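Architecture at a glance
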Amino acid sequence: MRAKKFFTVLLLSLIAIAFLFPFYMMIVMGTYYSEDLFKQLPILPSGYLLENLKTIMSASFLRNYWNSFYVAVLFTLVTVGVASITGFAFAKYEFKGKNALYGFILLTMMIPGHLGLIAYVMEMKWFHLNNTHAPLILAGLNNAFGVFFMTQFIRSSVPTEVIESARIDGSSEPGILTRIVIPFLMPAISTLGLISFLGSWNGYLLPLVTINKPELYTLPLGIANLSTVFRTNYSASILGLTLGTLPLIILFLFGSKTLVRGLTGGAVKG
Amino acid sequence: MMQKSNGISSKNKWPYLFITPYFLSYAVLSLFPILFTLYISLTDWDLYGNRNFIGLGNYTQLFFHDAFFWKSLLNVIIFMAVYLPALVLMGMLVASLIESKLIRRKTFFRLSVFSAYMTTPVAVGIIFSLLFDWQGGFFNNMLMELGLIQEKINWLGSVSSSRWVVILMVFWKNLGYFVMFYTAGMASIDTSIYEAAVIDGASSKDVFTRITIPLLKPINLFLIITSIISGLQLVEEPMLLFSGWSSGSSMVGGPDGSTFTPIWYMFDASFNGSAFKYGKGAAIAYGTFLFIALFSVVGMKWINRDGEDK
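Quick caveat: nothing in here was measured; it's all calculated off a predicted structure.

Points about unusual backbone geometry
Although it is not a glycine, A:His128 sits at a positive phi angle of roughly 55 degrees. Relative to the helices and strands, A:His128 resides in the loop between helix 5 (117-126) and helix 6 (134-138). Even without glycine at this site, B:Asp256 takes up a positive phi of about 55 degrees. Relative to the helices and strands, B:Asp256 is located in the loop between helix 11 (236-241) and helix 12 (262-272).

What about the interface of chain A and chain B?
Each partner contributes residues to the interface: chain A has 90 residues there, and chain B has 86 residues. At the boundary of chain A with chain B, total buried surface from both sides reaches about 8100 Å², with 81% on carbon and sulfur atoms. For the interface between chain A and chain B, the tally reads zero salt bridges. At the surface where chain A touches chain B, the tally comes to eight residue pairs in polar contact (both at pLDDT 80 or more). Residue contributions to the side of chain A that touches chain B peak at 17 residues, all from helix 1 (residues 2-29) of chain A. Classifying every residue of the side of chain A that touches chain B by side-chain character gives 66 nonpolar, 16 polar and eight charged.

Topic: the pattern of salt bridges
All names here are of chain A. In total, this model carries four salt bridges over all chains according to the counting rule given. For lysine 98, the salt bridge is made with glutamate 94, and the minimal N-O distance between the two is 3.5 Å. Overall, the relative accessible area of 9% leaves lysine 98 in the buried class. Residue glutamate 94 is classed as exposed on the basis of its relative accessible area, which comes to 64%. For glutamate 173, the salt bridge identified is with arginine 167, shortest N-O distance 2.8 Å.

Observations regarding a nonpolar patch on the surface
Residues and elements named next belong to chain A. A cluster of nonpolar side chains, contributed by Phe6, Phe7, Leu10, Leu14 and Ile17, occupies part of the molecular surface with about 540 Å² of accessible area. One can find phenylalanine 7 in helix 1. Since its relative accessible area comes to 54%, phenylalanine 7 is described here as exposed.

With respect to helix 12 (residues 219-229) of chain A
Counted residue by residue, helix 12 of chain A has eight buried out of eleven residues, so it is predominantly covered. Taken residue by residue, helix 12 of chain A has A:Leu219, A:Pro220, A:Leu221, A:Gly222, A:Ile223, A:Ala224, A:Leu226 and A:Ser227 as its buried positions.

Focus on the packing of helix 8 (residues 160-168) of chain A against helix 9 (residues 173-184) of chain A
All names here are of chain A. Closest axis-to-axis distance for the helix 8/helix 9 pair is 10 Å, and the angle between their directions is 145 degrees. Crossing of helix 8 against helix 9: the hand is right-handed. Residues Val162, Ile163, Ala166 and Arg167 of helix 8 lie in contact with helix 9, whose contacting residues are Glu173, Ile176, Ile180, Val181 and Phe184.

Quick look at the packing of aromatic side chains
Evaluated as defined, the whole model comprises 52 aromatic pairs over all chains. Measuring from centroid to centroid gives 6.0 Å for A:Tyr93 and B:Phe18, while their planes differ by 55 degrees, and the two rings are tilted. Placement of A:Tyr93 in the loop between helix 3 (61-92) and helix 4 (98-108) and of B:Phe18 in helix 1 (residues 2-40) is noted, with the two residues assigned to different chains. Of the two residues examined, A:Tyr93 and B:Phe18, each falls in the buried class.

About the cut-offs
- Residues numbered from 1 in each chain as written.
- Chains lettered and ligands numbered in written order.
- Predicted model: local features only at pLDDT ≥ 70, side-chain atom pairs only at ≥ 80, totals over all residues.
- Heavy atoms only, no water.
- Helix = DSSP H or I, 4+ residues; strand = E, 2+ residues; numbered from the N terminus.
- Contact = heavy atoms within 4.5 Å.
- Buried area = accessible area lost by both parts, 1.4 Å probe.
- Salt bridge = Lys/Arg side-chain N within 4 Å of Asp/Glu carboxyl O.
- Polar contact = N/O pair within 3.5 Å; in protein donor to acceptor, adjacent residues only side chain to side chain.
- Nonpolar A, V, L, I, M, F, W, Y, C, P; charged D, E, K, R; others polar.
- Buried < 20%, exposed > 50% of the residue type's maximum accessible area, 1.4 Å probe, protein only.
- Patch = residues over 30% accessible without salt bridge, like charges linked within 9 Å, V, L, I, M, F, W, Y side chains within 5 Å.
- Areas by Shrake-Rupley, 256 points an atom, 1.4 Å probe, with all protein chains shown as cover.
- Axes fitted to C-alpha atoms, helices over the stretch in contact; angles between N-to-C directions.
- Left-handed = near helix turned anticlockwise from the far one by under 90°.
- Phe/Tyr/Trp six-rings, centres within 6.5 Å; stacked < 30°, edge-to-face > 60°.

Just geometry here; none of it tells us what the structure is for.
Structure representation (structure tokens):
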């Protein structure tokens, strides 16, 4: 039993190391003087971090950070807001066409995200919204997964009796939503919020085709672009990559439990 | 009486108001683009103002005369044929190791495997292009140092090795996601089933193959179907792998198009080339969608039949 335990831990540790290794290499390489990178195997950190940091900050890297951040926050608010009210309607009301409409939403979850991309970009051009962040934020308005997730959650964890009694006490329907239902939804809101934030923060293709001004770039675009800005300064570019990945790791450390519960919760029951 | 009828009518109005933002924005921002892309795919629409209706011209061109389209599809199918079974097997194995009673620090192991899934696809592509770079890449340097190779290998320069790098990359990124689902699935299996099996004298291998795997079937169905849908849409990771981060010159589709993917092709045809052929790009999008639908149906059928046999 003890030997078995030892080998299990050893095996898992090796797997963990293999998975964390690329991150480690990325962090370490960012602390080197570019020319030294190729002289030996960069295994231990070197002392060139601050210089590389200065180089990065001279580019519009902080700007990319800010763009990504506020786009992701607005995207998340829009996604969670619309998904919550739509989910509330589907979970707690009876109305004509309800099942057909909900089935329609579930069906659209099967449609791949890139199918309408070309016309979406054209549409944004017609609205004169290309080279703004609007196309990235508006995309959060109809998140089929979000509605599905919220409907399931509201159905199972918001007691109908509480809604009924609030109604008898004379509360309006929007009042019920904001004062009674939303407080129940906090766990679901934080999960869906994290997933949405992550999706927006990691997005690459949509910003790539709607934005071509460097000062409007979001972080993934900024990172991808670093190699052309610092063609010769290899390690500075890698430091940029590290800094771009760092917020995700921090977000993940704090939110992983919520996120994981949310990712698995909906599917596993089915 | 007045009060009551008021209550009912307001109750009837509100659900429609609540779902309006969703369906309105869906119509404008999703449904319209999807249908309009279908229309574009039937035209020769490009940047220079051509927009003639040419019927199925783009599709016949794509399906019968375009080796690149088939190649890109074949590539993603090859990738999936290798990494999907690996993800399913390793995912179950790692999850059952983490969930076994022998392990205490479950969270640490879960997080370390899952961290790759959180990372921006852009960063994943770039990290791997750095690790497998010909001249300065860590992987070559390490193999040289260990004396395993005499000359540096150009991993991203040949057809088969660059495909392996993409497969490894997708595997690395997604294993944590699979492990998470299997973990949750294993946690939801009633422990009394296991206890009964152990009392009946089942070995841990029997328990795994006869109890755990069959009970994970709904999760497998979900993971495989969603992986097929997203696998056929693979684009950012291979694109950034060959974006020229380390080599300096970017390469569309990798060496000899060996890592070209359908959505990469769509992007290249409609936004990147010199021609901006929206019609062609739209046809690629719909052509790919056709295959996604086909593979999902076949996948579902296959998994269900597999279940009935047992």
